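Commentary on secondary and tertiary structure
If you want the building blocks of each chain, they are given just below.
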Amino acid sequence: MFKNVPATQELFHFVKGTPAAQLNSSIQLLFHTTRVVKYIDRVVHNLEHLEDVVAILRELGARHIHYKVPGNYFPHLGVALRQDMADRLGNQFTKEIEQGYVKIWDFIVENLQYGLKTAAC
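From a predicted model like this one, the values you see are computed outputs, not experimental measurements.

This part is about helix 2 (residues 51-63). The set of residues buried in helix 2 consists of Val53, Val54, Leu57, Leu60 and Gly61. On an axial view of helix 2, the arc spanned by its buried residues comes to 135 degrees, and they lie on one face. Buried-residue contacts for helix 2 involve helix 1 (27-44) and helix 4 (95-120).

Attention now moves to the nonpolar core. Formed by 18 residues in total, the largest nonpolar core has its most connected members in Val43, Leu57, Phe74, Trp105, Phe107 and Ile108. Those elements giving two or more residues to this core turn out to be helix 1, helix 2 and helix 4. Tallying contributions element by element places helix 4 first for this core, with 8 residues. If we ignore the near neighbours within four places in the chain, the residues touching Trp105 are Ile40, Phe74, Pro75, Leu77, Gly78 and Leu81.

So, about the side chain of His64. With respect to the helices and strands, His64 occurs in the loop between helix 2 and helix 3 (74-89). Look at His64 and you get buried, because its relative accessible area is 16%. Apart from the residues lying within four places of it in its own chain, the contact partners of His64 are Val69, Phe74 and Leu116.

Here we take up the pattern of salt bridges. Under the defined criterion, the tally for this structure stands at 3 salt bridges. Note that Glu98 is salt-bridged to Arg82, the shortest N-O span being 3.5 Å. Taken together, the residues span a long stretch of sequence, with Glu98 in helix 4 and Arg82 in helix 3 at a distance of 16 residues. Arg82 sits in the partly exposed class, given a relative accessible area of 25%. In this structure, the salt-bridge partner of Lys95 is Glu98, at a minimum N-O distance of 3.6 Å. Linking Lys95 with Glu98, this pair stays in helix 4, spanning 3 residues, or about one helical turn. Look at Lys95 and you get exposed, because its relative accessible area is 58%. With a relative accessible area of 22%, Glu98 lands in the partly exposed category.

Cut-offs applied
- Residues numbered from 1 in each chain as written.
- Predicted model: local features only at pLDDT ≥ 70, side-chain atom pairs only at ≥ 80, totals over all residues.
- Heavy atoms only, no water.
- Buried < 20%, exposed > 50% of the residue type's maximum accessible area, 1.4 Å probe, protein only.
- Helix = DSSP H or I, 4+ residues; strand = E, 2+ residues; numbered from the N terminus.
- Arc of directions from axis to C-beta.
- Contact = heavy atoms within 4.5 Å.
- Core = buried A, V, L, I, M, F, W, Y, C linked by side-chain atoms within 4.5 Å.
- Salt bridge = Lys/Arg side-chain N within 4 Å of Asp/Glu carboxyl O.

Next comes the structure, spelled out in structure tokens:
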């Protein structure tokens, strides 16, 4: 995400100004990334009951108001994750997998943005 949209790095005080080559050694960034993946995992495990994760995602989005995250930044992470998945899976990253991923990420972003917007009011 930082490579595609460098301005997003400025939101993370713990890596602000850190050269790209050093980002992989940031414990705080690893911790944050792990938390993000856990939320995505929770959504995936609730695909049959997405209503069960709506409140969690909206609360998460609302918390981002304290970090001054613009709602239009959430999709940037999705693009970066999708690209990483495509790079790692190679030919196994099919159109079906990509379409499924996009649907899940759109659902996540919609609820994060709703929570952020609600918190701003």
